[in-house]
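Each chain, written out:
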Amino acid sequence: DYGKMRYEAQKKKAAAKKKQKTQELKEIKFRPNIDTHDYEVKAKKIAQFFEQGDKVKITLRFRGREMAHQHLGMEVLNRVKEQFDEQMKVELEPKLEGRQMTMVMAPR
């Protein structure tokens, strides 16, 4: 029976699609002068995203005269990179776009 075969094929296809895990891009926003506790909370959230198998885009926003101290922003991003070195790989190195610095990391 052709109708039954088509129905079963459709069900099999739907079940396969349901089991599939899509990799999302999550974003975490930092500031250059972030305090230790704030950093730890955001780092914990990043670790959670990696456990779920998602990519993480880290955005560092500069405001006003913070633009004169871009090295501070770079230090924050390097700190994140070093902390999650064994769990993830850097997919897009930190780069400055206007007033924000971005970096994309993906789970290994």
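Residues numbered from 1 in each chain as written. Predicted model: local features only at pLDDT ≥ 70, side-chain atom pairs only at ≥ 80, totals over all residues. Heavy atoms only, no water.

A.B. asks: Where do I start with the packing of aromatic side chains in this structure?
C.D. replies: Here the distance between the centres and the angle between the planes together describe a pair of aromatic rings. Taken as a whole, this structure holds two aromatic pairs when the rule is applied. Both rings, one in Phe30 and one in Tyr39, keep their centres 6.0 Å apart while their planes meet at 45°; by these two values the pair is tilted. Classification of Phe30 as buried rests on a relative accessible area of 1%. Over the aromatic face of Phe30 sits the side chain of Lys42, whose NZ or CZ is 5.9 Å from the ring centroid. Above the plane of the ring of Tyr39 lies Arg79, whose end atom (NZ or CZ) is 3.7 Å from the centre. (Phe/Tyr/Trp six-rings, centres within 6.5 Å; stacked < 30°, edge-to-face > 60°. Buried < 20%, exposed > 50% of the residue type's maximum accessible area, 1.4 Å probe, protein only. Lys NZ or Arg CZ within 6 Å of the ring centre and 35° of its normal.)

A.B. asks: Can you walk me through the nonpolar core in this structure?
C.D. replies: A general feature of soluble globular proteins is that nonpolar side chains tend to end up buried together. Phe30, Ile46, Ile58, Val80, Phe84 and Met105 are the most contacted members of the largest nonpolar core, which totals 21 residues. If you tally residues by element for this core, the top one is helix H2 (residues 36–51), at six residues. Discounting residues that sit within four places of it in the chain, Val80 has contacts with Phe30, Tyr39, Ile46, Ile58, Met103 and Met105. (Core = buried A, V, L, I, M, F, W, Y, C linked by side-chain atoms within 4.5 Å. Helix = DSSP H or I, 4+ residues; strand = E, 2+ residues; numbered from the N terminus. Contact = heavy atoms within 4.5 Å.)

By themselves, these are just geometric observations and shouldn't be taken as functional.
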